[in-house]
Every structure is written in structure tokens, then in C-alpha cells.
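This is what each chain is made of:
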Amino acid sequence: MKRILIAIDGPAGSGKSTTAELVARRLGYVYIDTGAMYRAMTLKVLNSNVDPADEAAVVELARATSISLVNGGEMRVLLDGNDVTEAIRSEPVTNNVSLVSSYPEVRQLMVAEQRKIGSKKGCVIDGRDIGTVVFPDADLKFYIVADIMERARRRQEELSARGEELPIVQVVRELKERDRKDSTRETSPLRKADGAIEIDTTKLTINEQVEIVLNYVNEVTMGQEEMQKK
Ligand code: CDP
């Protein structure tokens, strides 16, 4: 079966990461969580006592930072060689990541790395600007959305599983704020890419989301094989 490149974008809590990781596993593809890279960079900023609002200092730090994603079973995130997979999900990181990822030079560094890994095909890559900027020529593009209350409920559950209990009003406020920053920034704002297939996951189970994506993948890979036979 021909291997393709699948781009998945969408706001926080839409279910894109869960879907992307499971789709990659089912297909035996590499999974690239670009949000995890921006989160790792943000963790480095916070740990280095650099002010996240100081763009020049953040960019200088980014140039001296190595971030890699290790696939195999579950994806692990390495920051300068150290495993930070759990640490990047903390509240301070979540609340500063939109600012750190708004800096064009930080994005350039991350995007270069993403293109290097993704150019091998046989890969599912998720984020905010994958179908629009990083891989506008992806074989398949998805834009995953869900109602704000459902997204907040999922995020609250995720936090609770890690022992962080937050009132739903606070989760809603933080999600809205991150949506606003991500979709109004100048460089690579979050938006639906041309040709992207929109999936609303508000009333879907994870299994259903994964099946919908896999059906599209089947269509595309079978179509490409037919074309090659001709
Ligand atoms: O998992 P969650 O939906 O909370 O977000 P994420 O995918 O981990 O991304 C965290 C943040 O990184 C986003 O809110 C964006 O500010 C930024 N990001 C980005 O700017 N570009 C990407 N391709 C991926 C994430």
C-alpha cells in the first residue's frame, strides 16, 4: 500500500492529537505531534528563567535547543536529550505556549525540523499550521473541531487524570484565550487549510473519529494505486 502524508489541524481539545496518534499506529506510520515541540520549547524557556515575553531572548535560547520526537510504542519528547513527555503538559507550559509559539523565528526552527521528519512519507503530523504552512501539499488534510464545552470537558478530564483539578469555567477561559491567540497571531495562524476535510468530533467517540480518517486514507491510497496502474 502506498504511504502518504496526513496533516491534521485544529484547536485545543478537538481530539486531533488522540486521533492522529491512533491513526498513525493503525497504519504503522510515524506520528509527529508539533504541539509537543512548541511545548518543549516553552518548558525550556520557563526552566531557564527567560521571560516568555522577551522575544529576542526566547529566540536566542531556541537556537541553542535540541528537541526531538521519538516514535516507537508511545511517542516520547526529548528536550536536550532529556525525556520531558509528561512535564510539557503542565499548566504553566500550557499557559505560555501560545506566546512562545507566536515568534516567527521560533516557528522557523521548529518547522525546519518538522519538514525533515515528515518528508519521508508514511506520517501523520498534527498541529495548527500543518495543512496551511508546513505541508500545504499533504496528500490528505483534516481540520478537526468540537464545541467549546465539550473541548473543555475533555481537557478537564485530562488534567484530572494527572491530579490537577480545575473548575470548568477556568478551563473554558483558558481554552478560549489560547484559541484567540493561536488564530489571531500574524505568523501561521490557526485556520482551516484549502482542501481540508472538516470533522466535528463533538458527538463522536475516539473510535469513530479514527475510522472516519482511516476511510479517507483508504480512498486516497487506493485511488493513487489505481492511477499508478494506468
Ligand atoms: O494538545 P493541545 O490541543 O492542548 O495543544 P498542542 O497541540 O499541544 O499545542 C500547544 C500550543 O502550541 C498551541 O496552543 C499553539 O499555540 C502551539 N502550536 C503551534 O503554534 N503550531 C503548531 N503546529 C502546533 C502547536
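Now for a quick tour of the structure. Chains are numbered independently. Their residues run from 1 in the order of the written sequence. Only residues with pLDDT of at least 70 get local features here, since the model is predicted, and only at 80 or more are side-chain atom pairs given and counted; chain-wide, interface and lining totals rely on the full set of residues. Values reported for side chains reflect all heavy atoms of the structure, with hydrogen atoms and water molecules removed beforehand.

Quick look at the site of the ligand
Next up, step 1: Whether a residue is near a molecule or strand is decided by its heavy atoms; if any one of them lies within 4 Å of it, the residue is near. Arg39, Arg107, Asp129, Arg178 and Asp182 are the nearest of the 18 residues found near the ligand.
Next up, step 2: Within the side chain of Lys16, an N or O atom sits 3.2 Å from an oxygen atom of the ligand.
Next up, step 3: Contacts described as polar in this section are N or O atom pairs within 3.5 Å, which, within protein, must combine one atom able to donate a hydrogen with one able to accept it, while residues neighboring in sequence count only if both atoms come from side chains. Separating an oxygen atom of the ligand from a side-chain N or O atom of Ser98 is a distance of 3.2 Å.
Next up, step 4: Note on areas: these come from Shrake-Rupley sampling with a 1.4 Å probe, and a residue is covered only by the protein chains present in the view. In isolation the ligand exposes 530 Å². Once the protein is present, 96% of that is buried.
Next up, step 5: Runs of H or I in DSSP of at least four residues are treated as helices and runs of E of at least two as strands, each being numbered from the N terminus. Elements with a minimum of two residues in the shell around the ligand: α2 (34–47), α4 (91–100) and α8 (168–184).

Comments concerning the pattern of salt bridges
Next up, step 1: Put simply, a salt bridge is a Lys or Arg side-chain nitrogen that is within 4 Å of an Asp or Glu carboxyl oxygen. Applying the stated rule across the entire model yields 22 salt bridges.
Next up, step 2: Each of Glu150, Arg153, Arg154 and Glu157 takes part in salt bridges that share partners, so that together they form one network.

A word on the packing of helix α7 (residues 148–161) against α8
Next up, step 1: Viewed as axis vectors pointing N to C, α7 and α8 meet at an angle of 110 degrees, and their least axial separation amounts to 9 Å. As far as their axial angle goes, α8 and α7 are roughly perpendicular. Of the two possible hands of crossing, α7 and α8 adopt the one that is right-handed. Packed against α7, whose contacting residues are Ile148, Met149, Arg151, Ala152, Arg153, Arg155 and Gln156, the element α8 presents Ile168, Val171, Val172, Leu175, Lys176, Arg178 and Asp179 at the interface.
Next up, step 2: The residue inventory of the contact of α7 with α8, partitioned by class, reads seven nonpolar, one polar and six charged. In this analysis an axis means a line fitted to C-alpha atoms, helices contributing only their contacting stretch, and an angle means the value between N-to-C directions, from 0 to 180 degrees. Here is the rule for angles: anything less than 35 degrees is roughly parallel, anything more than 145 is roughly antiparallel, 65 through 115 is roughly perpendicular, and the remaining ranges are oblique. Helix crossings fall into two classes, left-handed where the near helix is turned counterclockwise from the far one by less than a right angle and right-handed where it is turned clockwise. Contacts are residue-level and defined by heavy atoms, with any inter-residue pair within 4.5 Å sufficient. Classification used: nonpolar for Ala, Val, Leu, Ile, Met, Phe, Trp, Tyr, Cys and Pro, charged for Asp, Glu, Lys and Arg, polar for all others including Gly.

Description of the side chain of Thr85
Next up, step 1: Within the secondary structure, Thr85 sits in the loop between β5 (82–83) and α4.
Next up, step 2: In this structure the side chain of Thr85 is engaged in a polar contact, spanning 3.0 Å, whose partner is the backbone nitrogen of Val77.
Next up, step 3: There is a polar contact of 2.5 Å between the side chain of Thr85 and the side chain of Asp83.
Next up, step 4: Ignoring any residue separated from it by four or fewer positions in sequence, one finds Thr85 in contact with Met75, Arg76 and Val77.

Notes on the environment of Asn215
Next up, step 1: Relative to the elements of secondary structure, Asn215 occurs in helix α9 (residues 206–229).
Next up, step 2: You can call Asn215 partly exposed: its relative accessible area is 46%. Note on classification: 1.4 Å probe, protein chains only; a residue is buried when its accessible area is under 20% of the maximum for its type, exposed when over 50%, partly exposed between these limits.

Considering the nonpolar core
Next up, step 1: Throughout this description, the term nonpolar core refers to a set of buried Ala, Val, Leu, Ile, Met, Phe, Trp, Tyr and Cys residues connected via side-chain atoms within 4.5 Å. Core analysis: the largest hydrophobic core is formed by 53 residues, its most contacted members being Ile6, Met41, Val77, Val106, Val124 and Phe142.
Next up, step 2: The biggest single contributor to this core is α2, with seven residues.
Next up, step 3: In this structure, Met41 is in contact with Val58, Leu61, Ala62, Thr65, Ile67, Val100, Val106 and Met110, ignoring residues within four places of it in sequence.

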